Structure formats: structure tokens, C-alpha cells
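Architecture and fold: a report
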Amino acid sequence: MPDPEPPPNDCPFPKRFPSQLVRDDAFFMSLAYNQAIDAWRRDEVPIGCVIALDGEVIAAAHNAVEVNRDPTAHAEMLAITQAAAHLGDWRLERCTLYVTKEPCPMCSGATLMSRLSRVCYAVPDPKMGCLGGATNLNELERVNHRCELTAGGVLEDECRELLQAFFRLKRTQAG
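Okay, so let's go over this structure. (Residues numbered from 1 in each chain as written. Predicted model: local features only at pLDDT ≥ 70, side-chain atom pairs only at ≥ 80, totals over all residues. Heavy atoms only, no water.)

Remarks on the packing of aromatic side chains
The tally for this structure, following the rule as stated, stands at 5 aromatic pairs. Aromatic side chains Phe28 and Tyr98 sit 5.2 Å apart centroid to centroid with 20 degrees between the ring planes, which places their arrangement in the stacked category. Here Phe28, found in helix α1 (residues 25-41), pairs with Tyr98, found in strand β3 (residues 95-101); they are 70 residues apart in sequence, far enough to count as distant. Take Phe28: its relative accessible area is 3%, and that puts it in the buried class. Looking at Tyr98, the relative accessible area reads 4%, which means it is buried. For the pair Trp40 and Phe166, a centre-to-centre distance of 5.3 Å together with 70 degrees between the ring planes defines the contact as edge-to-face. With Trp40 in helix α1 and Phe166 in helix α5 (residues 156-174), this pair connects stretches of sequence that are 126 residues apart. Judged by relative accessible area, Trp40 falls into the buried class, the value being 3%. The class of Phe166 is buried, set by a relative accessible area of 5%. Aromatic ring contacts, followed pair by pair, group Phe13, Trp40, Phe166 and Phe167 into a single cluster. (Phe/Tyr/Trp six-rings, centres within 6.5 Å; stacked < 30°, edge-to-face > 60°. Helix = DSSP H or I, 4+ residues; strand = E, 2+ residues; numbered from the N terminus. Buried < 20%, exposed > 50% of the residue type's maximum accessible area, 1.4 Å probe, protein only.)

Here it is as C-alpha cells:
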């Protein structure tokens, strides 16, 4: 039986409330940002993700590695699983994944394997990102699927500030 969920932690960042009238990249990234705040409140690395299809959110998740004790419980992996269940198909064609930080190797592979048509991420990751940062799995010569990428720019500053503040706090708490 899993442990009860820990009490929420304070997060100094407010959630965003984007207008429902314009469902653009900033709108969906704001929803992913809100998921990242939920992750912070659960003492998880604040990364959030939403998947949209035809202007509607079909999946939303944040990192849950610590609470689930599962190294694969990244926001993208959880959202991809939700979206596949929602559609009743593992192929997420015509879907866009919005995530607050560039996907790691595992999550980048999952975006390609699930046939997402587009990935939009806020903060590039030159150390572990695999959709343009450290490497780009999307450009492998023999890969049988490629997604359109929007790399950085959409709420990049806000998402970077959230991540940096979280890790600053963790270093301070560690002494």
C-alpha cells in the first residue's frame, strides 16, 4: 500500500490564469507551468506537462518520481500515458505536448515512439535534453517519426526561474 501523500509545501510562485479565449502556445504552457507548481508543492522537481488535441487538453501531469518512487514518473511519461488512455490508442498523432523543460533521453524517446506531432518546451537543457540540448533524437537518421519542435521561448523565463528557485531552496536546505 502506498504511503499517504505528504502535506503540500509552500511554493512562492503563483499559478497563472490564462484567458480561455486564445488557446495558443502561451495558454497551454501556462497550464503546464501550473502543473509544475503542483509538483513543487509535493516536493517534486517542478516540471509540468500538458497534451492538447484540437485546442483541448487531453492530459496533464507533473513529476511524481519521489511520491511514486518511480524513476519513470516524469511529467511527460505520465501525460503520454494519460493521453493514450484518453484516445484509446498509443499513437498520439495530431497531439502537441507542452512541457516546462526540455525532455530527457527517456521522455524524448517516448515523444517519438508515441508519434506526437509536436513538442513545445520552455527551457532548453544543454546537459540532459534530447530534443536539441545535449543531443537531438528527432534528428537521428534512421528514426521513423519526427515531431515538429518549438524549443524555448514560450514562458521560458518563468519556467527557468521556477526551476532555479526550487534547486536554490534545496541547496540551502541541504546546508
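Now that the structure is up, let's keep going.
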